[in-house]
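Residue-level structural notes
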Amino acid sequence: MREVQLALVKVLVLVIDAGDPALLSRWADEGLLPSMQAILGRGLVAETRTVEGLYEGATWPSLYTGVAPGHHGFHRLTQIEPGTYDMVPRLPGEFIREEPFWSRLSREGFKVAVLDVPLSGVSEGLNGIQIVEWGSHDAAYGLRTWPPGLKDEVLGRFGEHPAPAPCDAIDRSPVGFLSFKERLLAGVDKKCDLTLHYLSQTDWDLFIQVFTEAHCAGHQAWHLHDPDHPNYDPAVVAVAGDPVREVYQAIDEAIGRILAQVDEHTIVLLLGTHGMAHNFGVDFLLEELLVRSGYLTRKPVSVYSQGSGRPSRYVRSIAALGWRRLPSQWRRRLRPHPAAGGARSLVTRYDLTRSKCFPHPNGHLVSGIRFNLKGREPQGTVAPGPEMDELCAELAGLLLDLTETRDGLPLVKRVLRTSELFRGDRLDHLPDLLVEWDDRVRVGSRVLKADLSCRLTAGSSVLGEVEGEYRYCRTGDHRPEGLLVAVAPGLSSGKLERVVSLLDIAPTILALFGVTSEGLEGRPISEVVEGAH
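Below: a short report on this structure. (Residues numbered from 1 in each chain as written. Predicted model: local features only at pLDDT ≥ 70, side-chain atom pairs only at ≥ 80, totals over all residues. Heavy atoms only, no water.)

1. Quick notes on the sheet that holds strand E15 (residues 412-417)
If you walk across this open sheet you meet the four strands as E12-E13-E16-E15, and the pairing is antiparallel. Two strands in the sheet have a free side with no partner beyond their single neighbour: strand E12 (357-359) and E15. Adjacent strand axes in the sheet meet at a mean angle of 25° when their direction is disregarded. Note: E15 against strand E16 (residues 433-437), five bridges, orientation antiparallel. Counted as the bridge partner of Arg417 is Leu433 from E16. (Pairing = 2+ DSSP bridges. Helix = DSSP H or I, 4+ residues; strand = E, 2+ residues; numbered from the N terminus. Axes fitted to C-alpha atoms, helices over the stretch in contact; angles between N-to-C directions.)

Below is the structure:
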């Protein structure tokens, strides 16, 4: 069986990173995405859902390992070091122990090409090629390749990806957004050319390319797409257009060009990993809410304002913008690295001898809280078991009581315990409690406009009113829903009636090649595997 599959199976995986399924489907129906319209019409379509609560950072590691965050332990590029109060850089290639599915295939003798998969490291010794972060939204390493000499070939033939890195460091004037859009569009074109070049170079068994430009467009320019967004400005739209729609259209055209170069025997998987929509949530109020509750004690401002000397996120964005304007040879030498700031200790800000819990950074849409547990944290104050359970219930009650005072809408949709969502030996690397904010409460960005839209007030019968403002630049953020389309000889078109877990993607690809998915939490999508064979 293996010999037959080594000779016959070809799988092409094209991914629109953070490609929103609602937009992809609607614009395909409207004829704005003709390639998507065609593949939706002839493929097996499934709704997907990524991991609960941790999807902002754990989506890609969960996808390519086939295991949930409780096992791989990764949810962002800076995480807590268990047994300390230090937030330390986490490089996914070194931190994640589970191997990606392409390494399993390589070891079985299949030839693979893996291009721009986010939040992954270089798989040394790969039977094929790998390009890491030529054009990627999440920059942990800078451009790396396997084999190493491929890097010079990529830069020599295609140059650097035109999009700003990081995409937070853009000029937010009307002309700045127009330039941002044009650079993303140029990046899609270059990525398509790069894909076609390497697709034609050898006889691949598995070929993967990820279009991350949709990810950047969604974060930075959602307010130019969505008229209901608090930062929507017709004057800016008149200059910059709708970068989200235009980037999706460019990716759609690229997908059409790529699909035209593969034969009818190739199995094609088209994936939108997780969605994108307006930003929401009051993560920026969480610290004050915990202080008001009496569960968190801050040190006096005169103590923690001296801190560790780490610059603010806004200052780092400005520095990155200056870096981007340097000549290319200097940019490569001075590329920002997530480890540059070193470890950041929470003891500089909080009096943890008097705190039962503290914020555990996780994202804007779903906030994290970590309990100060005895036996786990150096200065733990809460005993595991009944005491922690009681604290968890109290916190959940306080948070679910919060409303936005302007419209009276609830601020919190759900409060989840990570230990009830996931199993595994790396739970201690994750937040203990996840606060999922209600997406009906929209918030504007102060970076774009310092008006009431960026300010929110949380009201509670117990905690009183807590007011703050959203000072981050992004106007769009993720949703857990995604989309999968499978096209293969013998596979009937239609739509699956069930939602597919993103954990099932890796075992499905392995099963298409007849390779076992032992040790993975996901399961092969039987409708795809059996239909394709």
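2. Some thoughts on helix H19 (residues 505-512)
Residues spaced three or four apart along an α-helix point in a common direction, a consequence of the helix completing one turn every 3.6 residues. With eight of eight residues buried, H19 is to be regarded as a mostly interior element. Considered for burial, the residues of H19 that qualify are Ile505, Ala506, Pro507, Thr508, Ile509, Leu510, Ala511 and Leu512. Remark: Gly514 follows H19 within two positions and exhibits a positive phi of approximately 75°. (Buried < 20%, exposed > 50% of the residue type's maximum accessible area, 1.4 Å probe, protein only.)

3. With respect to the pairing of strand E4 (residues 86-89)
In this sheet, E4 lies alongside strand E3 (residues 78-80) in antiparallel orientation, the contact comprising three bridges. Residue pairing across strands places Ile80 opposite Met87, the latter belonging to E4. Hairpin connection of E3 to E4: five residues between the antiparallel strands, including Gly83 at a positive phi of 90°.

4. As for the side chain of Arg474
For Arg474, the location among the structural elements is in the loop between strand E18 (464-469) and strand E19 (476-479). A polar side-chain atom of Arg474 sits 3.2 Å from a polar atom in the side chain of Tyr472. Other than its neighbours up to four places away in sequence, Arg474 contacts His137, Asp168, His219, Gln220 and Asn279. (Polar contact = N/O pair within 3.5 Å; in protein donor to acceptor, adjacent residues only side chain to side chain. Contact = heavy atoms within 4.5 Å.)

5. A look at the sheet that holds strand E17 (residues 455-460)
Pairing between the strands of a sheet comes from backbone hydrogen bonds, and it takes one of two forms, parallel or antiparallel. Spatially, three strands are ordered E14-E17-E18 in an open sheet, and the strand pairing comes out antiparallel. Edge strands, defined here as strands with exactly one partner in the open sheet, are strand E14 (403-404) and E18. Where E17 meets E18, six bridges bridge the pair, whose relative direction is antiparallel. Counterpart to Arg455 in the pairing with E18 is Glu469.

6. A closer look at the pairing of strand E20 (residues 481-487)
Regular strands place their side chains on alternate faces of the sheet. Taken across its seven residues, E20 has six buried, putting it largely inside the fold. In terms of strand pairing, strand E2 (residues 44-49) meets E20 through six bridges, oriented antiparallel. Its bridge partner lying in E20, Leu44 is registered against Ala486. Bridge count for strand E9 (residues 267-272) against E20 is five bridges, and the pairing is antiparallel. Each residue of the ladder has a partner; that of Leu269, found in E20, is Ala486.

7. Observations regarding the pattern of salt bridges
Considering all chains together, one arrives at 36 salt bridges under this definition. Among the salt bridges present, the one from Glu52 reaches Arg414, with a minimum N-O distance of 2.9 Å. With Glu52 in the loop between E2 and helix H4 (55-65) and Arg414 in strand E15, this pair connects stretches of sequence that are 362 residues apart. Salt-bridge contacts for Glu469 lead to Arg471; the nearest nitrogen and oxygen are separated by 2.9 Å. (Salt bridge = Lys/Arg side-chain N within 4 Å of Asp/Glu carboxyl O.)

8. Looking at the packing of helix H9 (residues 174-199) against helix H12 (residues 243-259)
Direction vectors running N to C along H9 and H12 enclose 15°, while the axes themselves pass 10 Å from each other. Looking at the two axes, H9 sits roughly parallel to H12. Of the two possible hands of crossing, H9 and H12 adopt the one that is right-handed. Of H12, the residues touching H9 (which contributes Lys181, Leu184, Leu185, Val188, Cys192, Asp193, Thr195, Leu196 and Leu199) are Pro243, Glu246, Val247, Ala250, Ile251, Ala254, Arg257 and Ile258. Considering only residue class, the contact of H9 with H12 consists of twelve nonpolar, one polar and four charged. (Parallel < 35°, antiparallel > 145°, perpendicular 65-115°, else oblique. Left-handed = near helix turned anticlockwise from the far one by under 90°. Nonpolar A, V, L, I, M, F, W, Y, C, P; charged D, E, K, R; others polar.)

9. Some details on the nonpolar core
Soluble globular proteins tend to pack their nonpolar side chains together in the buried interior. In this structure, Met36, Ile131 and Tyr198 are the most contacted members of the largest nonpolar core, which totals 63 residues. Beyond its immediate chain neighbours, meaning those up to four positions away, Met36 contacts Ile16, Leu24, Ala28, Asp252 and Leu270. In this structure, Leu296, Leu365, Leu416 and Tyr472 belong to the second largest nonpolar core, which totals 55 residues. (Core = buried A, V, L, I, M, F, W, Y, C linked by side-chain atoms within 4.5 Å.)

10. Section: the packing of aromatic side chains
Each pair of aromatic rings is reported with the distance of its centres and the angle of its planes. Enumeration over the complete set of coordinates arrives at eight aromatic pairs. With a centroid separation of 6.4 Å and 50° between ring planes, the pair formed by Phe158 and Tyr198 is classed as tilted. Of this pair, Phe158 sits in helix H8 (residues 150-158) while Tyr198 sits in helix H9; the two residues are 40 residues apart in sequence, bridging distant segments of the chain. Judged by relative accessible area, which is 11%, Phe158 ranks as buried. Take Tyr198: its relative accessible area is 3%, and that puts it in the buried class. When the centroid spacing of 6.2 Å and the interplanar angle of 65° are considered together, the rings of Trp204 and Phe207 count as edge-to-face. (Phe/Tyr/Trp six-rings, centres within 6.5 Å; stacked < 30°, edge-to-face > 60°.)

11. Examining the state of the cysteines
In protein chemistry, a disulfide is the covalent bond that joins the sulfur atoms of two cysteines. Applying the stated criterion across every chain, the model contains zero disulfides. Residue Cys216 stays outside any disulfide, its sulfur separated by 3.6 Å from that of Cys167, the closest cysteine. Cys216 gets classed as buried once you look at its relative accessible area, which sits at 5%. You can see Cys392 has no disulfide; the closest cysteine sulfur is in Cys357, sitting 10 Å from it. According to the relative accessible area criterion, Cys392 is buried, its value standing at 7%. (Disulfide = S-S within 2.5 Å.)

12. A few points about the packing of H9 against helix H10 (residues 213-225)
Relative to each other, H9 and H10 sit at 160°, their axes nearing to 11 Å. Classified by the interaxial angle, the pair formed by H9 and H10 is roughly antiparallel. Judged by the twist between their axes, the crossing of H9 over H10 is left-handed. On the side of H9, the interface is formed by Phe177, Phe180, Leu184, Gly187, Val188 and Lys191, while H10 contributes Glu213, Cys216, Ala217, Gln220, His223 and Leu224. A per-class count over the contact of H9 with H10 returns seven nonpolar, three polar and two charged.

13. Considering the environment of Val282
Inspection of the secondary structure assignment puts Val282 in the loop between strand E10 (275-278) and helix H13 (286-293). Looking at Val282, the relative accessible area reads 0%, which means it is buried. In the structure, Val282 is positioned 33 residues away from Gln249 in sequence and 32 Å away in space, judged by C-alpha atoms. Dropping the residues within four chain positions of it, Val282 is found in contact with Leu411, Trp437 and Leu456.

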